[in-house]
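# Per-entry structural report
The primary structure of each chain is shown beneath.
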Amino acid sequence: MNVTHLECAACGLHHEARRLLNLCLQCGKPLLVRYDLKAAAISLTKDSLKSRGCDLWRYREVLPVENDENVVSLGEGFTPLLHAGRLGAKLGLRQLYLKDEGQNPTQSFKARGMTAAVSMAKELGARKLAVPSAGNAAGALAAYAARAGLEAHIFMPKDTPRANVIECEQTGAHVTLMDGLITDCGAEVARRKEAEGWFDVSTLKEPYRIEGKKTMGYELAEQFDWQLPDVIIYPTGGGTGLIGMWKAFDEMEQMGWIGSKRPRMVTVQAAGCAPIVRAFEAGKRFADEFPNAHTTASGLRVPRAIGDFLILDALRASGGAAIAVTDEELLEATREIGAAEGIFCAPEGAACLPALKKLIADGAVKPDERVVLFNTGSGVKYVESFSS
Ligand SMILES: Cc1ncc(COP(=O)(O)O)c(C=O)c1O
Ligand SMILES: [Zn+2]
């Protein structure tokens, strides 16, 4: 076990690692897991990876669980990084890639976060887990909680895709549908959790979902033979995956695996809910709550994110961008990617394509650059989005 402590991402205060914690006890911002990376790098070497299992636990030394018996797994991670030759040719890009996170258990990248969070909750003694969700995090929590023998209490907006509601019910979760947005669901969890004895696994309000999600950064490096791409385009709600990959790059540099060069990180949001894009454009470090949030890409309907400053810091430090696309654009992109590459994307993932087109039109992405689009989930859960 190489975890040394938890560190507040805002004020830097250290917290003890072997305790169930949510936010910083001093300032209420997210906690990040810190490791003894020198110790990790002794057994976790590029060579050692060649003989390890094809899931995200292959990066075991930089994941937080102490006892292997507590790892709750459904085979998540190590998803395909696919060269998108036909789509790239249409756009004039030779090196366009799709990271297909729809092939994870429960059909989205949320499985990565939940395998880590549920494993740690189990290890540290939680019995009842609660989460507000736009849909995919709920499905993932329900599945991993079931696998761990823990209770899952899930709060989703009423208009969450039906498939997400059904999958939670069928994997044994307690489901509550609410009028309002994910932020209202989060408030309900916060209001009830103490009396109910729930541990809150809201994204970035516990330290471990980001640890699971950071493995997307490790995988990209490994799958590209330790050369990071030039540009990463990523559909951003709470931003945990983007923040996680950014953390992974630093960890890999500290272990001597990569240099200091970073990909340009690009956030994509829906025009109907684009708090990070607004803050990026206004030069702000914190994002205002986005009023009247609406988009068919339910995972992007996140009007306020507790990790806003971490997303914005990474975008700026990387020389990246934040781009809003309309629902019409992202739905059309689903069909375009599907027809060109055979991948039925979640609308959130498809949103990366119109964002890329804007970057190309602005000259911000060049034909010889290596670009990765993150398809964060599978389109099969979004039947309502595609039936008019
Ligand atoms: C398919 C999909 N993509 C992207 C997102 C946004 O993810 P994050 O909140 O980690 O930024 C979500 C969140 O629910 C999602 O379900
Ligand atoms: Zn703090």
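Residues numbered from 1 in each chain as written. Chains lettered and ligands numbered in written order. Predicted model: local features only at pLDDT ≥ 70, side-chain atom pairs only at ≥ 80, totals over all residues. Heavy atoms only, no water.

### Looking at the overall build of the protein
Assigned secondary structure in the protein consists of 15 helices and 13 strands. Compactness check: the protein gives a C-alpha radius of gyration of 19 Å against a globular reference of 21 Å for 388 residues, within 12% of the reference. In terms of its C-alpha atoms, the protein occupies a principal-axis envelope of roughly 55 × 50 × 40 Å. Counting every position in the protein, which comprises 388 residues, the buried fraction comes to 60%. Put simply, 69% of the contacts in the protein that link residues at least 6 apart link residues at least 24 apart. When the accessible surface of the protein is split by element, carbon and sulfur atoms take 48% of a total near 14,700 Å². Taking the average location of the 45 positive side-chain charges in the protein and that of its 48 negative ones, the two points are 1 Å from each other. (Helix = DSSP H or I, 4+ residues; strand = E, 2+ residues; numbered from the N terminus. Rg over C-alpha atoms; globule rule 2.2 N^0.38 Å. Buried < 20%, exposed > 50% of the residue type's maximum accessible area, 1.4 Å probe, protein only. Contact = heavy atoms within 4.5 Å. Areas by Shrake-Rupley, 256 points an atom, 1.4 Å probe, with all protein chains shown as cover. Lys, Arg positive; Asp, Glu negative; His and termini not counted. Charge placed at Lys NZ, Arg CZ, Asp CG, Glu CD.)

### Considering the sheet that holds strand β5 (residues 95–100)
Strand pairing in a sheet relies on backbone hydrogen bonds. The paired strands run either parallel or antiparallel. A sheet is described by the order of its strands in space; here 6 strands give the open sequence β4-β5-β13-β10-β11-β12, paired in mixed fashion. At either margin of the open sheet sits one strand with a lone partner, and together these are β4 (81–83) and β12 (321–325). Ignoring strand direction, the axes of neighbouring strands in this sheet form an average angle of 25 degrees. Of the strand pairs in this sheet, β4 and β5 are connected by 3 bridges, and their pairing is antiparallel. Each bridged residue has a counterpart across the sheet, and for L82 the counterpart in β5 is L98. Packing against the sheet, helix α10 (residues 275–282) makes contact with β11 (264–270) and β12, and its axis sits at approximately 135 degrees to β12. (Pairing = 2+ DSSP bridges. Axes fitted to C-alpha atoms, helices over the stretch in contact; angles between N-to-C directions.)

### Here's the deal with the nonpolar core
Note on soluble globular proteins: their nonpolar side chains tend to be buried together. If you look at the biggest cluster of nonpolar residues, it comprises 63 residues, and the most contacted ones within it are M245, F249, M252 and W257. When residues of this core are assigned to their parent elements, the largest contribution, 7 residues, is made by helix α9 (residues 240–254). Each residue touching F249, except ones within four places of it in the same chain, is listed here: G217, L228, I232, I258, R262, P263 and M265. (Core = buried A, V, L, I, M, F, W, Y, C linked by side-chain atoms within 4.5 Å.)

### Considerations on the pattern of salt bridges
Tallied over the entire structure, the rule returns 31 salt bridges. Across the salt bridge formed by R58 and E222, the nearest N and O atoms sit 2.5 Å from each other. One end of the pair, R58, is in the loop between α1 (37–43) and β4; the other, E222, is in helix α8 (residues 215–223), with 164 residues separating them in the sequence. For E222, a relative accessible area of 16% corresponds to the buried category. (Salt bridge = Lys/Arg side-chain N within 4 Å of Asp/Glu carboxyl O.)

### Section: helix α3 (residues 110–123)
What sets the pattern is the α-helix's 3.6 residues per turn: residues three or four places apart point alike. For α3, spanning 14 residues, the distance from its first C-alpha to its last is 20 Å, which sits close to the expected 20 Å at 1.5 Å a residue. Counting buried residues along α3, 13 of its 14 residues qualify, which places the element largely inside the surrounding structure. (Expected span 1.5 Å × (residues − 1).)

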